[in-house]
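# Examining the three-dimensional arrangement
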Amino acid sequence: MTAKMADELRNRDGDTITREEEAQILDTIEKWLERDVKDQVLALDHADEYPHEMVQQMRELGLFGATISQAYGGMGLPSSTYAKIVTTISEVWMSLTGIFNSHLIMAAAVERYGTEQQKQRWLPQFTTGELRGGLALTEPDCGTDLQAIRTHAVRDGDVYRINGTKTWISNGIEGNCVALLVKTDTEIEPRHKGMSLFLAQKGPGFDVGRKLEKLGYKGIDSAELIFDDYQISVDDLIGGEAGQGFYQTMGGLELGRINVAARGVGVANAAMKDATQYAQIRKTMGKPIGQHQAIQMKLGDMATRCHAARLLVEDAAGAYDRGERCDMEAGMAKLFASEAAMENAAECMRIHGAYGYSKELHVERYYRDAPLMCIGEGTNEMQRIIIARQLMDRNPV
């Protein structure tokens with residue numbers, strides 16, 4: 001390996017950046033967070049207010065094109081670099097990462113499975129944030145079991161007519177498009193062969209039902225979407241062939257799970273750092289609580305979880321960048337990092353005592369934000385099943 005190759009970071013499509021460029025990107029993100037985000041988080045979180053100004057700044061930083069190939073105007077970042085960006089932002093405010101992550105999974109579906117005409121048409125607009133959206137998969141009676149979706153599309157000449165309801169859709173209110181998973185054949189077996197993915201832009205028949213209130217993950221809009229005889233062109237069927245939607249969706253979720261895992265690392269890190277600082281300030285029995293073994297044990301476990309979670313994310317991101325199948329690695333990272341965030345948030349609250357329960361500090365926000373990562377992009381129970389199945393598939397008797 002040459003020195004130049006060792007200095008390069010490469011994504012699955014062959015785009016490269018240098019380690020120096022990665023460091024510059026992360027430095028720019030950190031300065032932006034310190035300057036424009038950090039001091040506003042509590043107010044925006046408590047008000048559940050969409051951060052319009054920050055979203056515009058993220059557009060200017062290029063985050064809506066972070067993983068889109070350079071050929072289409074994006075940054076073409078490796079997922080390993082992207083994961084570091086997500087972790088860095090999540091340490092300050094995890095909600096911000098959801099705004100561009102859902103968008104980038106949508107973009108990944110187009111880039112990996114769309115026709116060249118669709119890529120040329122949509123990806124440059126995704127990159128700038130002119131078109132901004134996410135994935136519309138979940139329904140009122142369907143979450144992990146995507147094959148049970150009821151939203152359906154019927155072809156009528158050069159258009160499809162779509163009817164159904166989607167729920168818990170990130171960017172559903174503030175965004176202007178979604179990658180929409182529907183049934184185009186309700187009779188075929190197995191069921192996943194009757195599923196198709198469209199790039200649906202808002203218009204007549206595509207309405208926002210309501211904003212959904214949440215325990216945490218404030219600021220970002222989570223919405224119910226209603227499709228009532230919504231007409232969409234056959235040209236907006238991703239890949240141009242019906243029946244490929246389940247496969248296309250599953251391919252995009254690998255990047256999504258790496259993102260959620262990176263978010264978990266960020267929240268776990270934030271909780272650990274806050275607890276470490278407080279343990280050196282708060283005193284009991286005449287000395288800082290960090291000098292008591294009971295607190296030291298908690299801090300030791302918190303630091304270990306953070307480090308292990310980060311390494312699992314790096315492993316999954318590396319496999320993704322090499323173009324390898326990584327549902328097992330992404331599942332491991334998502335499972336462990338999200339649980340690390342949950343456990344660290346709880347321990348941080350215990351170390352802070354009553355102050356941890358107060359809305360004056362960020363501690364209670366970590367405690368509210370962390371559970372999302374155990375649910376989003378496939379529950380942790382499902383991740384355990386995926387890991388076990390892959391373990392046996394890769395190690396047959």
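Going by the structure above, here's the rest.
One structure accompanies this document, and this report is about it. Sequence order as written defines residue numbering, which begins from 1 separately in each chain. Note on the predicted model: pLDDT of at least 70 is required for a residue's local features to be given, and 80 or more for side-chain atom pairs to be given and counted; whole-chain, interface and lining totals, by contrast, use all residues. As a convention, hydrogens and water are excluded, and side-chain values are obtained from all of the structure's heavy atoms.

## Notes on the layout of surface pockets
What counts, and what does not: Buriedness of a pocket was judged along seven lines, with at least five required to meet protein on both sides within 12 Å; pockets are open sets of points on a 1 Å grid over the protein atoms alone, cavities are sets where a 1.4 Å probe fits but cannot get out, and lining residues have an atom within 4 Å of a point. Grid points are joined across faces, edges and corners, and a volume is the space filled by probe spheres set on the points. A run of H or I in DSSP counts as a helix once it spans at least four residues, and a run of E counts as a strand once it spans at least two, with each numbered from the N terminus. Lys, Arg, Asp and Glu make up the charged group, whereas Ala, Val, Leu, Ile, Met, Phe, Trp, Tyr, Cys and Pro make up the nonpolar group; the residues left over, Gly among them, are polar.
Volume-wise, the largest pocket comes out at about 1500 Å³. Around the largest pocket, the lining is made up of 47 residues, and of these Leu 253, Arg 257, Gly 376, Glu 377 and Gly 378 lie nearest the centre. For the lining of the largest pocket, the elements supplying multiple residues, two or more each, are helix H6 (95-113), strand E5 (159-170), helix H8 (245-281), helix H12 (363-375) and helix H13 (380-394). Examining the composition of the lining of the largest pocket, we find that 9 residues originate from one element, H8, more than from any other. Counted by class, the lining of the largest pocket contains 20 nonpolar, 15 polar and 12 charged residues.

## Here's the deal with the packing of aromatic side chains
Heads up, the rule is: Pairing of aromatic side chains here covers Phe, Tyr and the six-membered ring of Trp, requires ring centres within 6.5 Å, and sorts the geometry by plane angle: under 30 degrees stacked, over 60 edge-to-face, intermediate tilted. Two conditions define a charge sitting above a ring: the NZ of Lys or the CZ of Arg must be within 6 Å of the ring centre, and it must be within 35 degrees of the ring normal.
Summed over all chains, the structure comprises 6 aromatic pairs. Here the aromatic residues Phe 206, Phe 227 and Tyr 230 are joined through ring pairs into a cluster of three or more. Against the face of Tyr 320 rests Arg 12, its NZ or CZ located 4.3 Å from the ring centre.

## Notes on the environment of Arg 210
Heads up, the rule is: Between two residues, a contact is recorded if the distance between any of their heavy atoms is within 4.5 Å.
Summarising the element assignment, Arg 210 is placed in strand E8 (residues 206-211). Separated by 43 residues in the primary sequence, Arg 210 and Thr 167 have C-alpha atoms spaced 9.3 Å apart. Those residues within four positions of Arg 210 in sequence are excluded, and the remaining contacts are Ser 222, Ala 223 and Glu 224.

## Side note on the side chain of Lys 214
We count it as follows: Only protein chains enter the area calculation, which uses a 1.4 Å probe; residues under 20% of their type maximum are buried, those over 50% are exposed, and those in between are partly exposed. Charge counting treats Lys and Arg as positive and Asp and Glu as negative, with His and both chain ends excluded. Salt bridges, as used here, are contacts in which a Lys or Arg side-chain nitrogen is within 4 Å of a carboxyl oxygen on Asp or Glu. In the analysis that follows, any N or O atom pair within 3.5 Å is treated as a polar contact, provided that within protein one partner can donate a hydrogen and the other can accept it, and provided that, for residues neighboring in sequence, both atoms belong to side chains.
Summarising the element assignment, Lys 214 is placed in the loop between E8 and strand E9 (222-233). Buried charge Lys 214 goes without a salt bridge, the closest partner of opposite sign being Asp 48 at 4.9 Å. Engagement of the side chain of Lys 214 in a polar contact is seen with the backbone oxygen of Tyr 217, the distance being 3.2 Å. Look past the residues within four positions of Lys 214 in its chain and what remains in contact with it is Trp 168, Ile 220 and Ser 222.

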